[in-house]
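Read off the chains here:
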Amino acid sequence: MRKVKAMDSTKTILKQKSINAILYGDCERPKEILGYHTWEGNDYICSWNPKAKKMWAVIRNGEKKERYPMERIEEKGLFLLQLPKENHISYYLEMQKETEVIAYEDPYRFLNPISLEERISFENGTNCFMYQILGAHKKKIEGVEGIFFGVYAPNAKRVSVLGDWNDFNSLMHPMERIDEGGIFELFIPEAKIGMAYEYEIKTERGEIFRKSDPYSFGQQKKNPHLSLIVEENERKIEDVKGQQDEETKEPIVIYQVYPVAYKKRGKKGNLLLSYRQLAKELAKDALLMGYTHIQLKGILEYETEQSLGTDVTHYFAPSTRHGTREDFQYMVDYLHKKGLKVIVEWCIASFGMADYGLKAMDGDAVYEYENPLLAVQAQEKGLLFHYGKGEVCSFLLSSAFYWVKEFQIDGLFVPSVASMLYQDYGKIGKEWLPNPWGGTENLEAISFLQLCNSLLKQYAPQVLLYTEDNSHWIGVTEKASQGGLGFDGQLSSEWLEQYLTYSKKYPSCNPYDFWKMERFVSYDRYHKNILSTAKGENILWNGTLIQEMAGEYFNRFASLRMLYGYFFAYPSVGKSISMGEDFVHWHPCDIEKGMAWQLLEEDIHRSFRRYIKDLIAFYKEKEVLRDWYGNEENFAWFHKDPTYGIFSFIRKSSTGKGNLLFLFHHRQEMSRGYLLTVPKDTEYRLVFHSDSVSYGGVGTSENEKSIIKMAKKEKINSYYQKEEVCYFILDLPPFSMIVFEYDE
């Protein structure tokens, strides 16, 4: 071991102010002091290690290694070494900790790997892959393996990364600020995959607090404020090229699932299913019923289960409630192999207010608006993103691309988009601020949605992007290039409100409600709606549909069968059914107990589930039910007798073959000998009957077949001329739907 002569007044090499910044955790650019430097024509290595009793620098010179003792210049753990001229900057450090000597690489000798171009696109709000840069990533720099940490905290005075490797000592690893952009970085060879970590942030006001990593790929289950260094996916991922065929009419039948409340396991039935268990259960139920897509709520890591996954804390981490990132990937791959598509609920209208989350990331507003009138969502449910800030836009874009690229997610659902579009949404009086033009629209949010949807469609045209908007915003599903928001569809439950308003009154008392329901279909002609059976935004807390049905026990089920018949017959680009509704659950879901699957032990619930299954198969089989958007001839009201609670409409095929005539009977009593006019003098085939015995009804197969044999035609005098009218004389069961098929 070569000895180097001790320096005189070594502290004069370093400014005392810089030394104090390191010692007391105030340094935002530690690489200006620590690591390898040339000062006053001499080469130095400066190291900071509060745990070390002694320190050595081992210089690599080809195959030779030379070990030099470092001088302690501060009792708290600052060491300095002046190197001979012939030495080079390749070195590592050794520390004596009690009786043990530990060798490690100096984190402060590595250069910043983030390029200027990446930082510029991040600041401009166009970097869609920032998740590959910020966060914690396994890298190899200058031949050394380690973990690179990057975090955006523009208002911080100092950021340190704490983890298992340094016993969460906040002074051990202060991070380096890159320029003035607000990104802090540090490459730590000691950090390993699987270790927990977090950031400690010190503000200009002297406040000190800890935050988890916004770009984390995983959180610790027991301590949700701790992020995990996760092994990144090394499988080959192929980017999807080409354009989506806008004319495709593939059936979309979505199964909305909240995994926390879906099914339970364990002796007491209070344990959550893992992602791997969910994969098999979801595939079994979805394939049995015929669903094409599974929409998952609560996948992005969130704080409380009562929020149904809307108070998101991490936008790149699958919830640890059901397992690891690899487990989630297994579930997605498993469902794909079974032919099912996976949709993730992407909650970007607001984020959770957890202290360890995005809220006041560096002590000031980073991801939210600075003004509380813009930042706080109505009823203080969460904080709105600052959609006009480039770094926030890059964060959100990267989140969307992350789920699509890394997990091959087939769709993203954006709930509560109305709270993004309007600055006064849910607010009164002086709780909001107008936009620069004096209006209520959030122009920054509109621009972001247009940008995000456009970029996603360019990258992955096959991805289904849809939202839920209860504000009647014009152009939600129009292309962004044409002034719209660029979504493929919008979730709508307004059809349900109109239908329930009509059905709750006795038929003779509701002709006006029927008129509104009739007009609403015409309004929906210009929207790409995906119909939902959820009452409002919350699929679990707003009651169940069976509670809305009138009459005694069996009539309620008959009414609900008719409602679902109307649901699948109603024009739209897709359907969405909440979990539990396909077998009728009586009460809102209990998160602690899960769905009431024991109801399937009862015949009437099994029969109803069979009915929904057959309806889905019928919807998927009949292309005429999906040939709606852009085809004005596809739907037409035909027979309207609202005072008797009877109406029918036609779904007409563009080829003239396979037209469907839907008949609905909204009376509690049977209507005998009812004269029903039909469009053509042709053969009518009975193809569906909601009152079938197999569905829990009272009809018989003989009666069902005899209905179509009663067709007649005659000439009647109208106001203008004699017309030839074709009609059936039918006995209509209470609360029933009958479907005929005919060709022109």
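Above: the structure in question.
Residues numbered from 1 in each chain as written. Predicted model: local features only at pLDDT ≥ 70, side-chain atom pairs only at ≥ 80, totals over all residues. Heavy atoms only, no water.

> Looking at this structure, I do not really get the overall build of the protein. What am I missing?
Of regular secondary structure, the protein possesses 14 helices and 36 strands. Along the first, second and third principal axes, the C-alpha set of the protein runs to 120 × 60 × 45 Å. Relative to its full complement of 744 residues, the protein shows a buried share of 58%. Long-range contacts, defined as pairs at least 24 residues apart, comprise 71% of the intrachain contacts of the protein with a sequence gap of at least 6. Only carbon and sulfur atoms are counted for the fraction: they give 49% of the accessible area of the protein, which is about 31800 Å². For the protein, the centre of its 92 positive side-chain charges and the centre of its 105 negative side-chain charges are spaced 3 Å apart. (Helix = DSSP H or I, 4+ residues; strand = E, 2+ residues; numbered from the N terminus. Buried < 20%, exposed > 50% of the residue type's maximum accessible area, 1.4 Å probe, protein only. Contact = heavy atoms within 4.5 Å. Areas by Shrake-Rupley, 256 points an atom, 1.4 Å probe, with all protein chains shown as cover. Lys, Arg positive; Asp, Glu negative; His and termini not counted. Charge placed at Lys NZ, Arg CZ, Asp CG, Glu CD.)

> It is not clear to me how the pattern of salt bridges should be interpreted in this structure. Could you clarify?
Close approach of charged atoms lets side chains of opposite charge pair. For the structure shown, the criterion picks out 36 salt bridges. Arg67 is paired through a salt bridge with Glu94; the nearest N and O atoms lie 2.5 Å apart. Separated by 27 residues along the polypeptide, Arg67 in strand E4 (residues 64–69) and Glu94 in strand E7 (residues 91–97) bring together distant segments of the chain. Here Asp285 ties to Arg609 by a salt bridge, and the two come within 3.9 Å at their closest N and O atoms. Taken together, the positions of Asp285 in helix H4 (residues 275–289) and Arg609 in helix H13 (residues 603–621) put the pair 324 residues apart, joining distant regions of the chain. Since its relative accessible area comes to 4%, Asp285 is described here as buried. (Salt bridge = Lys/Arg side-chain N within 4 Å of Asp/Glu carboxyl O.)

> Sorry if this is basic, but what is going on with helix H12 (residues 553–569) here?
Helical geometry note: an α-helix holds 3.6 residues per turn, so side chains three or four residues apart project in the same direction. Relative to the 24 Å expected for 17 residues at 1.5 Å per residue, H12 spans 25 Å between its end C-alpha atoms, a close match to the ideal helical length. When you tally the buried positions in H12, you get 14 out of 17 residues, the bulk of the element. The backbone nitrogen of Phe554 lies 3.1 Å from a side-chain oxygen of the residue at the head of H12, namely Glu552. (Expected span 1.5 Å × (residues − 1). Polar contact = N/O pair within 3.5 Å; in protein donor to acceptor, adjacent residues only side chain to side chain.)

> Can you walk me through the sheet that holds E4 in this structure?
What holds strands together in a sheet is hydrogen bonding between their backbones, with the strands either parallel or antiparallel. Taken in spatial order, the four strands of this open sheet run E4-E3-E7-E8, and their pairing is antiparallel. What marks the edges here is a single partner per strand, and that holds for E4 and strand E8 (100–104). The sheet shows a mean angle of 25° between the axes of neighbouring strands, taken without regard to direction. Inspection of the sheet shows strand E3 (residues 54–61) paired to E4 by six bridges, in the antiparallel sense. Of the residues in E4, the one forming a bridge with Arg60 is Lys65. (Pairing = 2+ DSSP bridges. Axes fitted to C-alpha atoms, helices over the stretch in contact; angles between N-to-C directions.)

> I'm lost on the packing of H4 against H13 in this one. Help?
Helix-helix packing: each pair is described by the crossing angle between the helix axes and the interaxial distance. H13 packs onto H4 with a crossing angle of 70° between their chain directions and a minimal axis gap of 8 Å. Taken together, the axis directions place H4 and H13 in an arrangement best described as roughly perpendicular. Contacts between H4 and H13 pair Asp285, Leu288 and Met289 from the former with Arg609, Ile612, Lys613 and Ile616 from the latter. Here the residues of the contact of H4 with H13 sort into four nonpolar, no polar and three charged. (Parallel < 35°, antiparallel > 145°, perpendicular 65-115°, else oblique. Nonpolar A, V, L, I, M, F, W, Y, C, P; charged D, E, K, R; others polar.)

> I would appreciate a short explanation of the side chain of Asp582 in the present structure.
As for its placement among the helices and strands, Asp582 is situated in the loop between strand E28 (574–578) and H13. Despite its burial, Asp582 pairs with no opposite charge; the closest candidate is Arg609, at 4.5 Å N-O. Within the structure, the side chain of Asp582 is placed 2.9 Å from the side chain of Tyr291, a separation counted as a polar contact.

> Can you help me understand the sheet that holds strand E23 (residues 341–345) in this one?
With parallel pairing, the eight strands of this closed barrel are ordered in space as E17-E20-E23-E24-E25-E26-E27-E28. Neighbour-to-neighbour, the strand axes of the sheet open up by a mean angle of 25°, direction not taken into account. Examined bridge by bridge, strand E20 (residues 293–296) and E23 share four bridges and lie parallel to one another. Bridging across to E23, Leu296 finds its partner in Val344.

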